Amino acid sequence: MARRRQLYEGKAKILFEGPEPGTLVQYFKDDATAGNGAKKGIITGKGVLNNRISEYLMQRLAEIGIPTHFVRRLNMREQLIREVEIIPIEVVIRNVAAGSISTRLGIEEGTRLPRSIIEYYLKNDALNDPIVSEEHITCFGWAGTADLDDMVALSLRINDFLCGLFLGVGITLVDFKLEFGRLWENDEMRIILADEISPDNCRLWDTRTNEKLDKDRFRRDLGKVEEAYQEVAKRLGILPEAGVRDLKGPEAVQ
Ligand code: UDP
């Protein structure tokens, strides 16, 4: 069987040429990195879980009218996506202080922010993904003002929706990172949600205990990393206990 052409390999995913023009296959690896590759490891089963979690969240977002690159899941580790031109900006949305905002600004981890904050980081490993402002983004042409307006509007809707969705299963959405891409249809360009949404790029805390259920368990050597990813999938009702026929919906938490 002819091997598919690999187009790109990132830290956690590989992109292959898709079956039709304008599509790609996104493969989820078990590899985990932190600190821009300084710490490396394997989280067994992570790729399978992130493929499912991201599928589930992108499908729910599509239901409220958020345009996403997700087309369909192909198998345990792969999904078919629409090919977009990735905007080289990571959009971080924060509801509770944690991670870099706590260290940079001295705000105690766990402090609920008076309102959601949006930050931008330049996707550039050589520069360690520096934080940038709207001025930098438009001045250097990484995205235009209209693109940014769309990205902010989508990010805020996604945040509100996901905060509610996770709260329903006893999880606080502390912060998360989104990536967007440009999709051309005829002569029209649209900004759509790309990449993935998973415990790799969200901070998810148990609402009752504040136990971390995300990649911070790996970054900070807290142990039970695989279990945390499984717990998120389980609460969302997408971890089949006895195969794919056993899929349940999300379980409400009192
Ligand atoms: N994040 C990410 N990729 C990055 C940097 C951050 O997915 O390259 C996510 C991270 O998982 C967290 C949020 O963005 O949910 C905010 O991360 P932060 O700026 O606090 O950086 P960190 O502490 O992870 O270095």
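Further up the page is the structure itself.
If you're wondering where the values come from, they're calculated on a predicted model, not measured in any experiment.

Draft legend 1. A look at the pattern of salt bridges. For the structure shown, the criterion picks out 29 salt bridges. For the salt bridge of Glu-17 with Arg-5, the shortest nitrogen-to-oxygen distance reads 2.9 Å. One end of the pair, Glu-17, is in strand E2 (residues 13-17); the other, Arg-5, is in the segment before strand E1 (6-9), and 12 residues separate them in sequence. Residue Glu-17 is classed as partly exposed on the basis of its relative accessible area, which comes to 37%. Classification of Arg-5 by relative accessible area gives exposed; the value is 51%. For Arg-220, the salt bridge identified is with Asp-216, shortest N-O distance 3.5 Å. Connected via shared salt-bridge partners are Arg-94, Arg-104, Glu-109, Glu-119, Asp-175, Arg-203, Lys-212, Asp-216, Arg-219 and Arg-220.

Draft legend 2. Quick peek at the nonpolar core. Membership of the largest hydrophobic core comes to 47 residues, with the highest contact counts inside it found for Ile-158, Phe-166, Phe-180 and Leu-236. Take this core: its biggest share by element is seven residues, from helix H4 (residues 145-167). Among all residues touching Phe-166, those that are not within four sequence positions of it are Leu-57, Ile-171, Leu-173, Leu-204, Val-232 and Leu-236.

Draft legend 3. Local environment of the site of the ligand. With respect to spatial proximity, 16 residues lie near the ligand, and among them Arg-94, Ser-100, Asp-175, Arg-203 and Arg-219 are the closest. Contact between the ligand and Arg-94: an oxygen atom at 2.7 Å from a side-chain N or O atom of the residue. Contact between the ligand and Arg-203: an oxygen atom at 2.8 Å from a side-chain N or O atom of the residue. The fraction of the free accessible surface of the ligand (510 Å²) that becomes covered by protein chains is 76%. Elements supplying a minimum of two residues to the shell around the ligand: strand E9 (89-96), strand E12 (171-185) and strand E14 (202-206). Broken down by class, the residue content of the shell around the ligand amounts to five nonpolar, three polar and eight charged.

Draft legend 4. Geometry of the packing of helix H1 (residues 46-63) against H4. Here H1 crosses H4 at 120°, and the two axes come no closer than 11 Å. For the element pair H1 / H4, the angle class is oblique. Seen from above, H1 lies across H4 with right-handed handedness. The segment H1 lies against H4, with Tyr-56, Leu-57, Arg-60 and Leu-61 engaging Ile-158, Phe-161, Leu-162, Leu-165 and Phe-166. Its residues placed into classes, the contact of H1 with H4 shows eight nonpolar, no polar and one charged.

Draft legend 5. Structural view of the sheet that holds E2. Strand order in the open sheet formed by five strands is E1-E2-E3-E7-E6, with antiparallel pairing between adjacent strands. Pairing within the sheet leaves two strands with one partner each, and these edge strands are E1 and strand E6 (70-73). Sheet twist, expressed as the mean angle between neighbouring strand axes with direction ignored, is 25°. As judged from the five bridges shared by E2 and strand E3 (residues 23-28), these two strands associate in the antiparallel manner. In the sheet register, Glu-17 faces E3, and the bridge partner there is Leu-24.

Cut-off values and rules
Residues numbered from 1 in each chain as written. Predicted model: local features only at pLDDT ≥ 70, side-chain atom pairs only at ≥ 80, totals over all residues. Heavy atoms only, no water. Salt bridge = Lys/Arg side-chain N within 4 Å of Asp/Glu carboxyl O. Helix = DSSP H or I, 4+ residues; strand = E, 2+ residues; numbered from the N terminus. Buried < 20%, exposed > 50% of the residue type's maximum accessible area, 1.4 Å probe, protein only. Core = buried A, V, L, I, M, F, W, Y, C linked by side-chain atoms within 4.5 Å. Contact = heavy atoms within 4.5 Å. Near = heavy atom within 4 Å. Polar contact = N/O pair within 3.5 Å; in protein donor to acceptor, adjacent residues only side chain to side chain. Areas by Shrake-Rupley, 256 points an atom, 1.4 Å probe, with all protein chains shown as cover. Nonpolar A, V, L, I, M, F, W, Y, C, P; charged D, E, K, R; others polar. Axes fitted to C-alpha atoms, helices over the stretch in contact; angles between N-to-C directions. Parallel < 35°, antiparallel > 145°, perpendicular 65-115°, else oblique. Left-handed = near helix turned anticlockwise from the far one by under 90°. Pairing = 2+ DSSP bridges.

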